[in-house]
Amino acid sequence: MRHRFTALASLLLAVVLAIAGCGGASGPPDPYQLLNDSTKATWNPIQINIGMTFKFQGETITLDPKNIAMVVDNASQKFGFHVSIPAASLGIPAGSLGSLGIDGDSIDFDMVYNGDGLFMRSAIMKPTLQMILGPIGRLPRGDLTGWLKLGTKEELAALSALAAAGGTASPPPGAINDVSKKSFEEAGISLTTAAAVEKRNGVDAQHITLAIDTAKLASNPAFSAGAGSGAQAAQAIALVKALSISGDIWVESSTKRILELDTHIAPASDATQGGDVTITAHDPDGSVSLEAPSSSTDVPLGILVSEMMKLVSGGSVS
């Protein structure tokens, strides 16, 4: 009888351990590996919408995600950007936009790169060009409130090469692609994955929560290198240390593509201030065009950039 009981107990123990083992295997995925997988997931074409809400000194500014959107199509080398922000959302009184040369009650901006040239349209461009190119007699003829062509593919490539030759700063090696627990912890960032799969934007998604130690982040060599040096760098580091920052990421379970990134920022001394930034990704919905306009006014890109550099530097640029 004792042997039978021992055998039965051993069988029951084996079953319990097997069940426990099965339960353990279905736990939440490692958040660092999940985020690493998401950096390798492709999404083309992709649309990104950006929304935000900020509270400061009793005022609330809210930008609906539908008002800021961009589409990137790597296969055809096209890009589109659309902004339409009601003045009321920014706390700007009705009619005040007229002083900026803008008719209506919203700030609108559209940009399209169709693989051959860069096109832009915004009411703010007319007074801007008048200020920069008017004094030197190079103001383009045409409708400056309509579509403007700001350079061909070749001109933009030359400008990009010039910027690279000028020593444009790049992030330290491994600062972006190293999605490991060690690198994140060194930067003061810890990740956790929710136990249950959640529905996000209509699909199953894993929820990753980010907790950020801003003091440790500001002391990280990669952050210090990006902040530069001198008084401005010291101010940037002090600013980050004075903030409370956290975040949430939703990764689609099947494709490992990032569906949404929420960032929560507030002064460490007052959690009622600050706000949230929400970035969502999805298939293009047609709200952003990737096609060049049927007509446009040419703007001398080289001269425009040169004059802008003069304004920034406060002197002449040879």
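Okay, so let's go over this structure.

Okay, the overall build of the protein chain next. Check the secondary structure of the protein chain and you find nine helices and 14 strands. Counting all 318 residues of the protein chain, 29% fall into the buried class. Once local pairs closer than 6 in sequence are excluded, the contacts in the protein chain between residues at least 24 apart make up 59%. Counting only carbon and sulfur atoms, one obtains 60% of the accessible surface of the protein chain, whose full area is about 18900 Å².

Here the focus is the pairing of strand S10 (residues 203-212). Both strand S8 (residues 189-193) and S10 contribute to a ladder of five bridges, which runs antiparallel. In the sheet register, Leu-191 faces S10, and the bridge partner there is Leu-210. The sheet contact formed by strand S9 (residues 198-200) and S10 spans three bridges and is antiparallel. The residue bridging Glu-198 from the neighbouring strand is Ala-205, located in S10. The turn linking S9 back onto S10 is made up of two residues, and Asn-201 within it adopts a positive phi angle of 55°.

Before going further, it helps to spend a moment on helix H9 (residues 301-313). Taking 1.5 Å of rise per residue, the 13 residues of H9 would be expected to cover 18 Å, and the 18 Å separating its terminal C-alpha atoms lies within 8% of that figure. Within H9, burial applies to Leu-301, Leu-304 and Glu-307. Here the buried residues of H9 occupy an arc of 135° about the axis, which is enough to place them on one side. Exposed and oriented more than 90 degrees from the buried face of H9 are Gly-302 and Ser-313.

We now examine the packing of aromatic side chains. All told, the structure shown has two aromatic pairs when counted by the stated rule. Judged by centre distance (6.0 Å) and plane angle (85°), the rings of Tyr-32 and Phe-184 are edge-to-face. Highlighted residues: Tyr-32 in helix H2 (residues 31-38) and Phe-184 in helix H5 (residues 181-186), separated in sequence by 152 residues. With relative accessibility at 7%, the residue Tyr-32 sits in the buried group. Given the relative accessible area of 14%, Phe-184 is considered buried. Aromatic side chains Phe-81 and Phe-109 sit 6.1 Å apart centroid to centroid with 65° between the ring planes, which places their arrangement in the edge-to-face category. Residue Phe-81 is found in strand S4 (residues 78-86), and its partner Phe-109 is found in strand S5 (residues 106-113); the two are separated by 28 residues along the sequence. One Lys or Arg, Arg-200, reaches over the ring of Trp-250 and ends 3.7 Å from the middle of that ring. Taking the ring centre of Trp-43 as reference, the NZ or CZ of Arg-257 above it sits at 3.8 Å.

Cut-offs applied
- Residues numbered from 1 in each chain as written.
- Predicted model: local features only at pLDDT ≥ 70, side-chain atom pairs only at ≥ 80, totals over all residues.
- Heavy atoms only, no water.
- Helix = DSSP H or I, 4+ residues; strand = E, 2+ residues; numbered from the N terminus.
- Buried < 20%, exposed > 50% of the residue type's maximum accessible area, 1.4 Å probe, protein only.
- Contact = heavy atoms within 4.5 Å.
- Areas by Shrake-Rupley, 256 points an atom, 1.4 Å probe, with all protein chains shown as cover.
- Pairing = 2+ DSSP bridges.
- Expected span 1.5 Å × (residues − 1).
- Arc of directions from axis to C-beta.
- Phe/Tyr/Trp six-rings, centres within 6.5 Å; stacked < 30°, edge-to-face > 60°.
- Lys NZ or Arg CZ within 6 Å of the ring centre and 35° of its normal.

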